[in-house]
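# Summary of the model geometry
For reference, the chains in residue letters:
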Amino acid sequence: MLDIKYIRENSDKVKKAAIDKLVKVDIDRLLALDESIVTINQKLDVMKEERNILSSKIPNLDANEKQKAVEYVRSLKEKITTLESEIFPLKEEYTTLMYLVPSVPFDEVPIGKTDEDNVEIKRVGVVPTFNFELKDHVTLSEELDLVDIPRGVKIAGSRSYYLKNDGLILEMALSRYVIDKLISKGFTPMAVPLMVKEEAMYGTSYFPGGREQTYTITEDNLYLVGTSEVSLVSYHSGETFESENVLPKMYCGLSNCFRREAGTYGKDTRGLYRVHQFTKIEQVILCEADYDIQYKLHDFLLNNAEEILQDLKIPYRVVKVCTGDMGNGQVRKHDIEAWMPSRGKYSETHSCSSFNDFQARRSNIKYKDKDGNLKYCYTLNNTAIASPRILIPLLELYQNEDGSITIPDVLVPYMGKTKIERKQ
RNA sequence: GGAGGAGUACCCAAGUGGUUAAGGGGCUUGUUUGCUAAACAAGUAGAUUUCGUAAGGGAUGCGAGGGUUCGACCCCCUCCUCCUCCGCCA
C-alpha cells in the first residue's frame, strides 16, 4: 500500500507504474474518491462537533429545554447518518483501489511485460559438458528411489510427489546447511505458522491479487502460506520498534509452501519443477526507511543466495526482473536462475525483492527514528533454498555415468556420505 | 467439543449511560540532602486524520468491527486474544 499523500503528489509516477506493471487501476478515480471522502469527512466532523457539544449539555437542562435539545440533536443525527451512508460506498471503493495501486519501481528496473523481458546481468560458473548421455532428474530419482511421483499423484493429484530415502535426506542436508550458513550471517532461524489469517495475506500484499493461487481452509478462515515470507513479515505486524538501533531484523524461515498453480495447466508438467507443495528457506529483512540501507541489504540477500549456489557449484545467472514480471509491491527485484540440463536452460530458483514500505504500511510495522518520528520499516526478502526444485540441477549436474549421484562437498558432512548409489 | 471468566496507557488497576477515563508503580524533569537513596512537586492516554503560515482547533480512539441511544469504556451482536475447569489428543 502506498501513502495516499504520495499518490496525490505523484499521480503521474503512480500511473506510469501501473502501466509498466500491467496493473489495471484507475488512479484518477482514486484521487476523486479521496477528495470526496475528505470533503464529506470535514462536513461530518463539524456536525459531530455540534452534536457532541449539545448532547454533553443535555443533562443540565430543565425538562422543556431538554426535549427541544434532544429533538434538535436527533435531527442532526439523521443528517450525520445520511452523510455516513453516502460516504460508505465511496470508502469501500477507495479501499479496494488502494489495495490495487502498485508501488513505483526504481528507475533501474527494466520496463517489460513478461519474464522474457528480464535483463541478464551476469552468469556465474561454467555449464559443464558430459561425455555420456545425461538422464533427467525424474529418471535419476526413479532409478535411485529418491522420489515417487506416480504415487504422489495417486494420493494427492497432479504436481504431487513423495520424497524417499536419500532424496529426503538430501533435502534435509540442504536445509541444515543453508540454515547454518544464514545463522553465521546473523539471521534468526524460525519455523513459522503455515496456516495464517487473512490479515497476514493482506499485510504482505499477497491478497487481494494472489487469492486464486492460495489454498483456503474455509472452515477456519485460514490460508496456507505460499512462502514463509508471509509469516516472517507478519511476525512484527502492528508493532513499533522503539529505536532504529534494533534494525535491521534478519530472519530465515523454514516452511512448507503451498501453491495452487492455477492457470498453469499443462506448463512444466514433467518432474519436480512446478509442484503444489515444497520446502523453502526464505530470508526476510525489516530495515529502516532508507534507500541506501535497503539497497545494500537487497544486494546482501542476493549475494547470500549466490553463495549458496556457488557452494553447491551450480552454474547460474542473475536477471533484473522487468516491471511486468514484478509483484504489485516490489520496487526492485532480481531472479537467480540455475542451469538445469534437462530443461536446457537457466530456470528460476531464487527471487529477491525490495518493497520500500509497501508491506510495512499494510502490516503496520513502524520504528521510532533518531528524532522521535514514527516511520514505516522497509522490507526485503529472498529465497535461500527451495526444494525439490533445487534437486533438479543438483541431481542432474552431479550424476555419474553409472547412474550414481556425487554429493556436493558442502553437503557431505550433513549427508554422512559422498555418493548416492543404486541399491543392489 | 462443553461450561465459565477476562481484555482500559510501559506495568498493575478503578470506572455499569452524561462535561476533563480515578489511583498506584515505573519513567522524565525540577527542588532538597554528604553518598546509595529518600521525600516533595510537576509531567507522563497512545495513534491516525483534517483545518490552520503558526499558535492552536476539530473528528476518530478503552482488544477489533458493527448496533441501540440526544449521548457508550459501560447496554446488544459478531469476531480476535488470553485464563480456569471438563472432554479429546501427537
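Further up the page is the structure itself.
A few points on the structure. (Residues numbered from 1 in each chain as written. Chains lettered and ligands numbered in written order. Predicted model: local features only at pLDDT ≥ 70, side-chain atom pairs only at ≥ 80, totals over all residues. Heavy atoms only, no water.)

Strand order in the open sheet made by the three strands is 8-14-15, with mixed pairing throughout. Of all strands in the sheet, those with a lone pairing partner are strand 8 (240-241) and strand 15 (374-376), marking the two edges. Relative to strand 14 (residues 366-368), strand 8 is paired through two bridges, and the arrangement is parallel. In the sheet register, Thr240 faces strand 14, and the bridge partner there is Lys366. (Pairing = 2+ DSSP bridges. Helix = DSSP H or I, 4+ residues; strand = E, 2+ residues; numbered from the N terminus.)

Moving on: the side chain of Thr323. Along the chain, Thr323 turns up in the loop between strand 11 (316-320) and strand 12 (332-340). What makes Thr323 buried here is its relative accessible area of 2%. Within polar-contact distance, the side chain of Thr323 engages the backbone oxygen of Asp20 at 2.8 Å. With residues near it in sequence (within four places) discarded, Thr323 still touches Asp20, Lys21, Pro105, Val109, Pro110, Ile111 and Gly112. (Buried < 20%, exposed > 50% of the residue type's maximum accessible area, 1.4 Å probe, protein only. Polar contact = N/O pair within 3.5 Å; in protein donor to acceptor, adjacent residues only side chain to side chain. Contact = heavy atoms within 4.5 Å.)

Among the nonpolar cores identified, the biggest contains 57 residues, and Leu312 and Leu394 are the most heavily contacted of them. The dominant element in this core, judged by the number of residues it contributes, is helix 7 (residues 165-184), at seven residues. Residues Ala17, Val25, Leu30 and Ile87 belong to the second largest nonpolar core, which totals 26 residues. (Core = buried A, V, L, I, M, F, W, Y, C linked by side-chain atoms within 4.5 Å.)

On the surface, Leu168, Ile169 and Met172 cluster together to form a nonpolar patch covering roughly 240 Å² of accessible area. Mapped onto the secondary structure, Leu168 falls in helix 7. (Patch = residues over 30% accessible without salt bridge, like charges linked within 9 Å, V, L, I, M, F, W, Y side chains within 5 Å. Areas by Shrake-Rupley, 256 points an atom, 1.4 Å probe, with all protein chains shown as cover. Salt bridge = Lys/Arg side-chain N within 4 Å of Asp/Glu carboxyl O.)

By themselves, these figures tell us nothing about what the structure is for.
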